[in-house]
Amino acid sequence: MKAVHFGAGNIGRGFVGLILHEAGYELVFADVNAELIDALAASPSYDVHAVGENSSTRTVTGYRALNSGSDEDAVVAEIATAALVTTAVGPNILKFVAPVIARALEARDAALPPLHVMACENAINATDVLKAEIVGRLDGGEASETLGRAIFANTAVDRIVPNQAPGAGLDVTVEDFFEWAIEEGPFRGAAPSIPAAHFVADLAPYIERKLFTVNTGHATTAYHGWIEGASTLADALAVPQVFREVKAVLQETKALLVAKHEFDPATQEAYLEKNLVRFANPYLTDTPERVGRQPLRKISRHERFIGPAAELAERGLPREALLRAVRAALRFDAPSDPQSAELAELLTRLSPEEFADQVCGIETGHPLHEELAAVVRSIDSDR
Ligand SMILES: NC(=O)c1ccc[n+]([C@@H]2O[C@H](COP(=O)([O-])OP(=O)(O)OC[C@H]3O[C@@H](n4cnc5c(N)ncnc54)[C@H](O)[C@@H]3O)[C@@H](O)[C@H]2O)c1
Ligand SMILES: O=P(O)(O)OC[C@@H](O)[C@@H](O)[C@H](O)[C@H](O)CO
């Protein structure tokens, strides 16, 4: 039973790789980072240090590592005979791994059981996005028989894995908490055996609860913390004004999640409180740069701010704190982040209305459109 995992970075090594190894899969990492792949190929194992109230160390062994940039044929051959392919590369990178998976499906023996495909990214239905990219590369598209050689399942993954300290090598320090929810329907009763994951009939409540609580709160901490000059997430949350803003956005997304998915309010309150503790985990050093990375992705239509704010506006519910978080995101100017520079350029070039429409995907006439445009307009006063 073989799994090929794209993206041997933080979550790839510290979460997906670990869980698949412990589920008994023969693991093959595929990544375009030559230095990382060479290091993995040269090392028989690496450790995952989970830190928090229940600290532990697990060792991942017996994997192989391939460079999917320079040795695509080898990765195609591995996937063609694998049981599972997973990704943790970032939602914007799925279009680059899709052609490799499409080639592998074409090469796959039709008599083999279908390849299970799961994108483990922070995005709503990331596997559907990956599937659409794969379909676009198959002769015949949706009608291609080759598509029948794969089963696609959406997932929600949750574990905070910061960037690793220089000199950590392949070892990864992660928080002790994790959750992996996978939709069970596509497997038609023959879901893969991954004991640490749980299979759910309807993924939407899980992924929205995760993205609009963990990631909305996390990014709010990062962007307000960045403005305050905080160098870690824990430092950011220690600023009373930042803490108040994070609590406020989480109350707004709670209102949406309770109204939309009928979550019990007390259970959702406990969930969001638990996440405030996770963000400030004293055993982990996480930074506003990492958590705020790619601000243009984070303020896009179906992401952690605009997604819930748009639905709250449609329901006539409060979204002011979310809009203040978007305003803070617009001021994110991390030199290490190319999207920061792109964001600054777009703010200069586009009118506030064009920005709301083209960057945030909120068209004229939507109840959030003018509110967003006003947020963009107000940024001028800071410059
Ligand atoms: N770190 C976390 O706390 C966390 C938690 C849950 C989900 N995620 C999600 O997991 C994904 C990865 O995040 P991360 O923190 O591990 O990032 P990361 O930057 O540490 O890892 C991404 C890896 O993907 C590799 N990569 C880039 N392009 C590639 C390509 N074309 N083919 C193969 N590999 C490629 C990079 O070289 C890198 O090693 C993101 O979607 C993120 O939202 C992260
Ligand atoms: O990975 P991103 O850029 O979508 O979001 C940054 C963090 O919020 C994220 O990586 C969290 O650490 C993770 O989603 C926790 O499960």
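Model, not experiment: these values are computed from the prediction.

Draft legend 1. View of the site of ligand 2. Around ligand 2 lies a shell formed by Asn122, Asp158, Arg159, Ile160, Val214, Asn215, His218, Ala219, Val291, Arg293 and Gln294. Among the elements that make up the shell around ligand 2, the one with the highest residue count is helix H6 (residues 204-227) (four residues). A breakdown of the residues in the shell around ligand 2 according to their chemical character gives four nonpolar, four polar and three charged. There are two domains that each give the shell around ligand 2 at least three residues, and those are domain 1 (2-201) and domain 2 (205-382).

Draft legend 2. The site of ligand 1, seen in detail. Neighbouring ligand 1 are 26 residues, the closest being Gly7, Gly9, Asn10, Glu121 and Asn122. Looking at the shell around ligand 1, the elements that each hand over two or more residues are helix H1 (10-22), strand E2 (26-31) and helix H4 (94-107). Per-element tally for the shell around ligand 1: the top contributor is H1, with three residues. For the shell around ligand 1, the residue count by class is 15 nonpolar, eight polar and three charged.

Draft legend 3. Quick peek at the sheet that holds strand E7 (residues 115-119). Sheet architecture is open: six strands sit in the order E5-E2-E1-E6-E7-E8, paired in parallel fashion. What marks the edges here is a single partner per strand, and that holds for strand E5 (64-67) and strand E8 (150-152). Neighbour-to-neighbour, the strand axes of this sheet turn through a mean angle of 20 degrees, independent of strand direction. As judged from the four bridges shared by strand E1 (residues 2-6) and strand E6 (residues 84-87), these two strands associate in the parallel manner. Bridge assignment links Phe6 to a residue of E6, and that residue is Thr87. Sitting on the sheet, helix H2 (residues 34-42) is in contact with E2 and E5, with an inclination near 155 degrees to E5. Where helix H5 (residues 126-135) meets the sheet, it contacts E6, E7 and E8, and its direction lies at approximately 120 degrees from that of E7.

Draft legend 4. Structural detail: helix H3 (residues 72-80). Listing the buried residues of H3 in full gives Val75, Val76, Glu78 and Ile79. On an axial view of H3, the arc spanned by its buried residues comes to 165 degrees, and they lie on one face. Looking at the buried residues of H3, the elements they touch are E1, E2, E5, E6, H4 and E7.

Draft legend 5. Highlighting the sheet that holds strand E11 (residues 179-183). Strand order in the open sheet made by the three strands is E9-E11-E12, with mixed pairing throughout. Each edge of the open sheet carries a strand with a single partner, namely strand E9 (155-158) and strand E12 (198-200). Averaged over all adjacent pairs, the angle separating strand axes in this sheet is 20 degrees, with direction ignored. Note that E9 and E11 share four bridges and pair antiparallel. Each bridged residue has a counterpart across the sheet, and for Ala156 the counterpart in E11 is Ala181. On the sheet, H6 packs against E9, E11 and E12 and is oriented at approximately 35 degrees with respect to E9.

Draft legend 6. Structural context of the domain arrangement of the chain. On domain assignment, one finds that the chain holds domain 1 (2-201) and domain 2 (205-382). Each of domain 1 and domain 2 has a C-alpha centre, and these two points are 28 Å apart. Domain 1 puts 16 residues into the contact, and the matching count from domain 2 is 15 residues. Those elements that provide at least two residues to the side of domain 1 that touches domain 2 are E9 and strand E10 (172-175). Tallied by class, the residues present in the side of domain 1 that touches domain 2 amount to nine nonpolar, five polar and two charged.

Draft legend 7. Seen up close, the nonpolar core. Ile79, Ile101, Ala309, Ala325, Val326 and Ala329 are the most contacted members of the largest nonpolar core, which totals 114 residues. Each of domain 1 (2-201) and domain 2 (205-382) contributes no fewer than three residues to this core. The residues contacting Ile101, other than those within four sequence positions of it, are Ile79, Val85, Val117 and Ile134.

Draft legend 8. Looking closely at the UniProt feature "domain: Mannitol dehydrogenase N-terminal" (unreviewed entry) in the chain. Per the UniProt record, "domain: Mannitol dehydrogenase N-terminal" (unreviewed entry) is annotated on residues 1-194. As annotated, residues 1-194 has a helix share of 28% and a strand share of 27%, and its two end C-alpha atoms lie 12 Å apart.

Conventions we followed
- Residues numbered from 1 in each chain as written.
- Chains lettered and ligands numbered in written order.
- Predicted model: local features only at pLDDT ≥ 70, side-chain atom pairs only at ≥ 80, totals over all residues.
- Near = placed C-beta within 6 Å.
- Helix = DSSP H or I, 4+ residues; strand = E, 2+ residues; numbered from the N terminus.
- Nonpolar A, V, L, I, M, F, W, Y, C, P; charged D, E, K, R; others polar.
- Domains from an automatic or database assignment.
- Pairing = 2+ DSSP bridges.
- Axes fitted to C-alpha atoms, helices over the stretch in contact; angles between N-to-C directions.
- Contact = placed C-beta atoms within 7 Å.
- Buried ≥ 20, exposed ≤ 12 C-beta atoms within 10 Å, placed from the backbone.
- Arc of directions from axis to C-beta.
- Core = buried A, V, L, I, M, F, W, Y, C linked by C-beta atoms within 7 Å.
- UniProt positions renumbered as here; feature names shortened; annotations may be inferred.

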